[in-house]
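Listed below are the residues making up each chain.
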Amino acid sequence: MKGYLARVYAQVKKRNRAEPLFLQAVHEVLSSLEPVLIEHPEIEDSAILERLTEPERQIIFRVAWQDDRKRIRVNRGFRLGFSSALGPYKGGLRFHPTVDLGTVKFLAFEQVFKNSLTGLSIGGGKGGSDFDPKGRSDNEVMRFCQAFMSELFRYVGFQTDVPAGDIGVGAREIGYLFGQYKKLTNRFEPGVLTGKEPGLGGLLGRKEATGFGTVYFAEEMLRAHSDGLEGKTCVVSGSGNVALYCIRKLQDLGAKVVACSDSGGIAYESGGIGFDVLKAVKEVERGRVSDYVDRRPQAELKSEGRIWDIPCDLAFPCATQNELDGNDAETLVKNGCKLVAEGANMPSTPDAVTIFQKAGVLYGPAKAANAGGVAVSALEMRQNASQEQWTFRDVDDQLRQIMESIHNSCAGVANRFNRHNDYAFGANVAGFLRVAQAVQAYGVV
Ligand code: NDP
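One structure accompanies this document, and this report is about it. (Residues numbered from 1 in each chain as written. Predicted model: local features only at pLDDT ≥ 70, side-chain atom pairs only at ≥ 80, totals over all residues. Heavy atoms only, no water.)

1. Digging into the layout of surface pockets
The probe, sized like a water molecule, is rolled over the atoms to show the empty space still left.
Next, step 1: When its volume is computed, the second largest pocket comes out at roughly 440 Å³.
Next, step 2: Taken together, 23 residues line the second largest pocket, and the ones lying closest to its centre are Glu-28, Ser-31, Pro-350, Val-353 and Ala-424.
Next, step 3: The dominant element in the lining of the second largest pocket, judged by the number of residues it contributes, is helix 14 (residues 350-359), at 4 residues.
Next, step 4: Of the residues contributing to the lining of the second largest pocket, the split by class is 8 nonpolar, 9 polar and 6 charged. (1 Å grid on protein atoms, 1.4 Å probe; cavity = no way out; pocket = protein on both sides within 12 Å on 5 of 7 lines; lining within 4 Å. Points joined across faces, edges and corners; volume = space filled by probe spheres on them. Helix = DSSP H or I, 4+ residues; strand = E, 2+ residues; numbered from the N terminus. Nonpolar A, V, L, I, M, F, W, Y, C, P; charged D, E, K, R; others polar.)

Here it is, written out as structure tokens:
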């Protein structure tokens, strides 16, 4: 990076020096923008990059709650509104012990460009807490969610900020959060949170949307290269919401998924992971992949090694950030992997991305490949506003079209700048241009 880009990055670094994930995310976007600045010199004059790298607001709050033994626990809560240029802040809540301001800021920053790519009217935000739901009883999770919402309710609203789920936050947590919001505000305002159970105004198909969308994006990348999913061997990391429905859709479309994981190990099954058993273990029993392996005589639990050592045609990182590094990328390339589509946010390190691109591996970056989740969340907001109930089929059809359109805008922009097959460049630039135009149009606010 040089000139204006280097100056902006230096300023971001100075202000956020203790936040490496945020700096990684900003660096990745800014490094794509040089050709755009040549076409649009007004971006510098209007300080668009300075404005798009500084969050509009950052809320940090104490969350005090009681565990089952009546001990008082204190966690930290976050909600960050990065940009409302395109609509209300929209992005999930993450409950995980590693959550800090830098994590939330990187996720919210990525969300701005991802949400822009969907073409829908949603700005970018993110939030969460360092609360660890693992090993907590249902009642403890409920009390934590109520305590968290007792502060958050002041800042959210269907036209202001609309949270959803992320790691550690699924339909159960969203239900508790919504219940507390409803009680505190005396309003049934379902559009304030997405990812609700269908009985509470949730959208059929939201639970599946991120994983399904990642597979639809991969399918589009393959189609553009005269290939398809049928008969491909795949590895999917993670075994949470995104991984589960990524596995399901890959299997529906004729691919075989031989491995998935959690932070305790890898489940390997050469004949293909059994979706129904995995879903029962993960969604109903809240179990581990080791419980899945206990139930499947054909499956093997690997507690050592990396999931990316397992040979595959297609790789789907669906667990967490920086889970696939340069060594993993080299192994995947050596083993003949042809495509990587990111279900998780920023799962590949910058080294890994460079290796994929040099080797000609088709690389679908998170902000494009996993945008199906937030796109369908925006459909849930519409459903809530119209008080209709859409069918699963309606939602899945729209998701497929949205993923095709995101693919085409990334590929179209990449081609226009002679960066053929560079989906990372295409996603950054297409996402940036739409939000930059809006920031410019508002004047200085
Ligand atoms: P879940 O909490 O449902 O699942 C997370 C999964 O990743 C779990 O299997 C978890 O294992 C695993 N995992 C987390 N950290 C690690 C690690 N360090 N090593 C190995 N496995 C790990 O979360 P989601 O499926 O919702 O989210 C997964 C990713 O997708 C995140 O990056 C999230 O930001 C992204 N995403 C999610 C969307 C959504 O709609 N939910 C939308 C767009 C992106 P364990 O249980 O052992 O921790």
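Now that the structure has been shown, we can carry on.
2. Thoughts on helix 16 (residues 372-386)
Side chains of residues three or four places apart in an α-helix project in the same direction, reflecting 3.6 residues per turn.
Next, step 1: With 15 residues, helix 16 should cover 21 Å at 1.5 Å per step; its first-to-last C-alpha distance of 21 Å lies within 8% of that length.
Next, step 2: The buried fraction of helix 16 is high, at 12 of 15 residues.
Next, step 3: The complete set of buried residues in helix 16 reads Gly-372, Gly-373, Val-374, Ala-375, Val-376, Ser-377, Ala-378, Leu-379, Glu-380, Met-381, Gln-383 and Asn-384.
Next, step 4: Directly after helix 16, the chain includes Gln-387, whose backbone phi takes a positive value near 60°. (Expected span 1.5 Å × (residues − 1). Buried < 20%, exposed > 50% of the residue type's maximum accessible area, 1.4 Å probe, protein only.)

3. So, empty space enclosed by the protein
Next, step 1: Throughout the structure, instances matching the rule amount to 3 cavities of 30 Å³ or more.
Next, step 2: Of the volumes computed, that of the largest cavity is approximately 60 Å³.
Next, step 3: Around the largest cavity sit Val-8, Gln-11, Val-12, Arg-15, Asn-16, Glu-50, Thr-53 and Glu-54, which together line it.
Next, step 4: With 4 residues, helix 1 (residues 3-15) is the single largest residue contributor to the lining of the largest cavity.
Next, step 5: Grouping the constituent residues of the lining of the largest cavity by class yields 2 nonpolar, 3 polar and 3 charged.

4. Observations regarding the environment of Phe-432
Next, step 1: In this structure, Phe-432 sits in helix 18 (residues 423-442).
Next, step 2: Setting aside residues no more than four positions away along its own chain, Phe-432 makes contact with Leu-33, Val-36, Ile-43, Ile-48, Leu-49, Leu-52 and Phe-113. (Contact = heavy atoms within 4.5 Å.)

5. Quick word on helix 9 (residues 206-223)
Next, step 1: Compared with the 26 Å implied by 1.5 Å per residue over 18 residues, the 25 Å span of helix 9 between its first and last C-alpha is a close match.
Next, step 2: The sharpest bend along helix 9 reaches about 30° and sits at Phe-212.
Next, step 3: Counted residue by residue, helix 9 has 16 buried out of 18 residues, so it is predominantly covered. (Bend = angle between axes of the 7 residues up to and from the residue.)

6. What about the sheet that holds strand 7 (residues 256-262)?
Next, step 1: The 7 strands lie next to each other as 9-8-7-6-10-11-12, forming an open sheet whose pairing is mixed. Only two strands of the sheet have a single partner each, and these edge strands are strand 9 (300-302) and strand 12 (362-364). Taken pair by pair, the neighbouring strands of this sheet meet at an average axis angle of 15°, ignoring direction.
Next, step 2: With 3 bridges connecting them, strand 11 (residues 339-341) and strand 12 associate as parallel partners. Opposite Ala-341, over in strand 12, you have Gly-364 as the bridge partner. (Pairing = 2+ DSSP bridges. Axes fitted to C-alpha atoms, helices over the stretch in contact; angles between N-to-C directions.)

7. Quick look at the pairing of strand 8 (residues 265-268)
Next, step 1: Where strand 7 lies against strand 8, 4 bridges are found, and the strand directions are antiparallel. Looking at the pairing, Asp-262 lines up with Gly-265 of strand 8.
Next, step 2: Both strand 8 and strand 9 contribute to a ladder of 3 bridges, which runs antiparallel. When the sheet's bridge partners are listed, Ile-266 is paired in strand 9 with Lys-302.

8. Quick notes on the pattern of salt bridges
Side-chain pairing between opposite charges can occur once the charged atoms of the two side chains come close.
Next, step 1: All told, the structure shown has 34 salt bridges when counted by the stated rule.
Next, step 2: Between Arg-296 and Glu-269 there is a salt bridge, and its shortest N-O distance comes to 2.6 Å. Residue Arg-296 is located in the loop between helix 12 (289-295) and strand 9, and its partner Glu-269 is located in the loop between strand 8 and helix 11 (275-284); the two are separated by 27 residues in the primary sequence.
Next, step 3: Note on Arg-296: relative accessible area 17%, which makes it buried.
Next, step 4: Each of the salt bridges in this network shares a partner with another, and the network as a whole consists of Glu-219, Glu-220, Arg-223 and Arg-400. (Salt bridge = Lys/Arg side-chain N within 4 Å of Asp/Glu carboxyl O.)

9. Focus: the environment of Gly-3
Next, step 1: Inspection of the secondary structure puts Gly-3 in helix 1.
Next, step 2: For the pair Gly-3 and Glu-34, spaced 31 residues apart in sequence, the C-alpha to C-alpha distance is 9.5 Å.

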